[in-house]
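Single-letter residue listing:
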Amino acid sequence: MTAKFNAIKERRLCLLWFPAIACFCVTSCATTSHHEFSQPAANWQTKSGQLMYQTAETTLIGDVLVRFSKSGDFELSLSKGPVTLLTLRQDASFAEVKGPFAKGGWSGPVEQAPKPLRAWLGLRDRLISSQDRSVRYTAGNETFLFRF
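All of these numbers come straight from a predicted model, not from anything done at the bench. (Residues numbered from 1 in each chain as written. Predicted model: local features only at pLDDT ≥ 70, side-chain atom pairs only at ≥ 80, totals over all residues. Heavy atoms only, no water.)

Membership of the largest hydrophobic core comes to 28 residues, with the highest contact counts inside it found for Leu 76, Trp 120, Leu 127, Phe 144 and Phe 146. Once residues lying within four places of it in the same chain are set aside, the contact partners of Leu 127 are Lys 47, Val 66, Phe 68, Phe 74, Leu 76, Val 135, Phe 146 and Phe 148. (Core = buried A, V, L, I, M, F, W, Y, C linked by side-chain atoms within 4.5 Å. Buried < 20%, exposed > 50% of the residue type's maximum accessible area, 1.4 Å probe, protein only. Contact = heavy atoms within 4.5 Å.)

Structural data, given as C-alpha coordinates:
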(Lines give C-alpha, C1' and ligand atoms only; values in the text may rest on other atoms or scores of the structure.)
Protein backbone atom coordinates (compact mmCIF):
# COMPACT_ATOMS: atom_id res chain seq x y z
CA MET A 1 0.00 0.00 0.00
CA THR A 2 2.84 2.38 0.78
CA ALA A 3 4.47 1.82 -2.61
CA LYS A 4 1.15 2.59 -4.35
CA PHE A 5 0.71 5.75 -2.23
CA ASN A 6 4.26 6.90 -3.09
CA ALA A 7 3.64 6.27 -6.80
CA ILE A 8 0.47 8.38 -6.69
CA LYS A 9 2.28 11.11 -4.78
CA GLU A 10 5.14 11.16 -7.34
CA ARG A 11 2.66 11.29 -10.22
CA ARG A 12 0.90 14.30 -8.65
CA LEU A 13 4.23 16.09 -8.24
CA CYS A 14 5.06 15.44 -11.89
CA LEU A 15 1.65 16.72 -12.96
CA LEU A 16 2.25 19.91 -10.97
CA TRP A 17 5.89 20.58 -11.83
CA PHE A 18 5.96 19.58 -15.49
CA PRO A 19 3.57 22.36 -16.67
CA ALA A 20 5.38 24.92 -14.51
CA ILE A 21 8.78 23.97 -15.92
CA ALA A 22 7.46 23.86 -19.48
CA CYS A 23 5.85 27.29 -19.07
CA PHE A 24 9.11 28.72 -17.70
CA CYS A 25 11.13 27.32 -20.61
CA VAL A 26 8.74 28.66 -23.23
CA THR A 27 8.52 32.15 -21.74
CA SER A 28 12.25 32.32 -21.07
CA CYS A 29 12.98 31.65 -24.72
CA ALA A 30 10.58 34.37 -25.77
CA THR A 31 11.91 37.10 -23.49
CA THR A 32 15.63 36.40 -23.20
CA SER A 33 17.92 38.06 -25.68
CA HIS A 34 20.69 35.91 -27.11
CA HIS A 35 22.30 38.88 -28.86
CA GLU A 36 25.75 39.94 -27.67
CA PHE A 37 26.04 43.71 -27.33
CA SER A 38 29.46 45.34 -27.12
CA GLN A 39 30.41 46.46 -23.64
CA PRO A 40 31.14 50.17 -23.14
CA ALA A 41 34.85 50.89 -23.33
CA ALA A 42 37.13 53.85 -22.65
CA ASN A 43 36.91 54.99 -26.28
CA TRP A 44 33.10 55.31 -26.20
CA GLN A 45 31.69 58.84 -26.17
CA THR A 46 29.48 59.68 -23.19
CA LYS A 47 26.93 62.49 -22.89
CA SER A 48 24.73 63.25 -19.91
CA GLY A 49 21.98 65.79 -19.51
CA GLN A 50 18.22 66.04 -19.63
CA LEU A 51 15.59 64.75 -21.99
CA MET A 52 12.14 66.22 -22.45
CA TYR A 53 9.91 63.59 -24.04
CA GLN A 54 6.54 64.82 -25.26
CA THR A 55 3.43 63.40 -26.90
CA ALA A 56 -0.13 64.74 -27.03
CA GLU A 57 -0.88 62.91 -23.75
CA THR A 58 2.48 62.84 -21.96
CA THR A 59 5.31 65.17 -21.04
CA LEU A 60 8.27 63.76 -19.16
CA ILE A 61 11.51 65.46 -18.20
CA GLY A 62 14.24 63.21 -16.86
CA ASP A 63 17.96 62.68 -16.61
CA VAL A 64 19.56 60.94 -19.56
CA LEU A 65 22.88 59.19 -20.06
CA VAL A 66 23.93 58.34 -23.62
CA ARG A 67 26.98 56.30 -24.62
CA PHE A 68 28.07 55.25 -28.08
CA SER A 69 31.03 53.87 -29.98
CA LYS A 70 32.50 54.83 -33.35
CA SER A 71 31.20 51.52 -34.72
CA GLY A 72 27.59 52.42 -33.87
CA ASP A 73 27.01 50.63 -30.57
CA PHE A 74 24.58 52.70 -28.50
CA GLU A 75 23.18 52.84 -24.96
CA LEU A 76 20.64 55.23 -23.47
CA SER A 77 19.37 55.37 -19.90
CA LEU A 78 16.46 57.60 -18.83
CA SER A 79 15.77 58.15 -15.15
CA LYS A 80 13.65 60.32 -12.92
CA GLY A 81 15.28 60.64 -9.53
CA PRO A 82 16.48 57.23 -8.35
CA VAL A 83 14.15 55.34 -10.72
CA THR A 84 15.41 54.16 -14.11
CA LEU A 85 12.44 54.47 -16.45
CA LEU A 86 13.98 53.14 -19.65
CA THR A 87 17.22 51.55 -20.80
CA LEU A 88 17.98 51.05 -24.45
CA ARG A 89 20.85 49.11 -26.01
CA GLN A 90 21.17 49.07 -29.76
CA ASP A 91 23.57 48.31 -32.56
CA ALA A 92 23.09 48.41 -36.33
CA SER A 93 20.64 45.50 -36.43
CA PHE A 94 19.43 44.59 -32.94
CA ALA A 95 17.91 46.42 -29.97
CA GLU A 96 16.87 45.76 -26.38
CA VAL A 97 14.57 48.11 -24.48
CA LYS A 98 13.71 47.63 -20.79
CA GLY A 99 11.95 49.48 -18.01
CA PRO A 100 8.53 50.69 -16.94
CA PHE A 101 8.43 53.42 -19.60
CA ALA A 102 9.02 50.71 -22.22
CA LYS A 103 5.92 48.90 -20.96
CA GLY A 104 7.83 45.81 -19.90
CA GLY A 105 10.45 45.76 -22.60
CA TRP A 106 11.31 44.20 -25.91
CA SER A 107 14.33 42.82 -27.73
CA GLY A 108 14.85 41.77 -31.31
CA PRO A 109 15.83 42.93 -34.78
CA VAL A 110 15.36 46.69 -35.13
CA GLU A 111 13.15 46.34 -38.22
CA GLN A 112 10.71 44.18 -36.21
CA ALA A 113 10.31 46.64 -33.32
CA PRO A 114 6.79 47.27 -32.04
CA LYS A 115 5.33 50.57 -33.17
CA PRO A 116 5.45 52.25 -29.70
CA LEU A 117 9.25 51.75 -29.59
CA ARG A 118 10.20 52.78 -33.12
CA ALA A 119 10.72 56.46 -32.29
CA TRP A 120 13.04 55.48 -29.43
CA LEU A 121 15.05 53.31 -31.80
CA GLY A 122 15.42 56.25 -34.19
CA LEU A 123 17.39 58.15 -31.55
CA ARG A 124 20.58 56.16 -32.12
CA ASP A 125 21.38 57.55 -35.55
CA ARG A 126 20.34 61.08 -34.61
CA LEU A 127 22.42 61.25 -31.42
CA ILE A 128 25.52 59.56 -32.83
CA SER A 129 25.66 61.96 -35.79
CA SER A 130 25.08 65.13 -33.74
CA GLN A 131 27.82 67.15 -32.08
CA ASP A 132 25.34 69.72 -30.74
CA ARG A 133 24.62 70.29 -27.06
CA SER A 134 20.92 70.44 -27.91
CA VAL A 135 19.28 67.78 -30.09
CA ARG A 136 15.64 67.76 -31.17
CA TYR A 137 14.10 64.69 -32.79
CA THR A 138 10.48 64.26 -33.84
CA ALA A 139 8.93 61.01 -35.03
CA GLY A 140 5.17 61.00 -35.57
CA ASN A 141 3.55 62.54 -32.51
CA GLU A 142 6.63 62.00 -30.29
CA THR A 143 9.18 64.75 -29.68
CA PHE A 144 12.52 64.28 -27.94
CA LEU A 145 14.52 67.32 -26.82
CA PHE A 146 17.98 66.57 -25.42
CA ARG A 147 20.14 69.12 -23.58
CA PHE A 148 23.65 67.89 -22.85
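The strand order S6-S5-S4-S3-S2-S1-S8-S7 describes an open sheet built from eight strands, whose pairing is antiparallel. Edge positions in the sheet fall to strand S6 (106-109) and strand S7 (134-139), since each has one partner strand and no second. For this sheet, the mean angle separating the axes of adjacent strands, direction not counted, is 20°. Note that strand S3 (residues 74-80) and strand S4 (residues 83-90) share seven bridges and pair antiparallel. Each residue of the ladder has a partner; that of Leu 76, found in S4, is Leu 88. (Pairing = 2+ DSSP bridges. Helix = DSSP H or I, 4+ residues; strand = E, 2+ residues; numbered from the N terminus. Axes fitted to C-alpha atoms, helices over the stretch in contact; angles between N-to-C directions.)

Below, the discussion takes up the layout of surface pockets. There is about 390 Å³ of room inside the largest pocket. Lining the largest pocket are 18 residues; nearest its centre among them are Tyr 53, Lys 103, Pro 116, Trp 120 and Glu 142. Across the lining of the largest pocket, the residue classes tally to nine nonpolar, four polar and five charged. (1 Å grid on protein atoms, 1.4 Å probe; cavity = no way out; pocket = protein on both sides within 12 Å on 5 of 7 lines; lining within 4 Å. Points joined across faces, edges and corners; volume = space filled by probe spheres on them. Nonpolar A, V, L, I, M, F, W, Y, C, P; charged D, E, K, R; others polar.)

For the structure on display, the rule yields four salt bridges. Residue Asp 125 is joined to Arg 124 by a salt bridge in which the shortest nitrogen-to-oxygen separation is 2.8 Å. When its relative accessible area of 51% is taken as the criterion, Asp 125 is described as exposed. On the accessibility criterion, Arg 124 (10% relative accessible area) is buried. By sharing partners, the salt bridges in this structure join Arg 67, Glu 75, Arg 89 and Glu 96 into a single network. (Salt bridge = Lys/Arg side-chain N within 4 Å of Asp/Glu carboxyl O.)

In the structure shown here, the tally under the stated rule is eight aromatic pairs. For the pair Phe 146 and Phe 148, a centre-to-centre distance of 5.6 Å together with 15° between the ring planes defines the contact as stacked. Each member of the pair, Phe 146 as well as Phe 148, is classed as buried. A cation over a ring is seen here: Lys 47 above Phe 148, with NZ or CZ 5.1 Å from the ring centre. (Phe/Tyr/Trp six-rings, centres within 6.5 Å; stacked < 30°, edge-to-face > 60°. Lys NZ or Arg CZ within 6 Å of the ring centre and 35° of its normal.)

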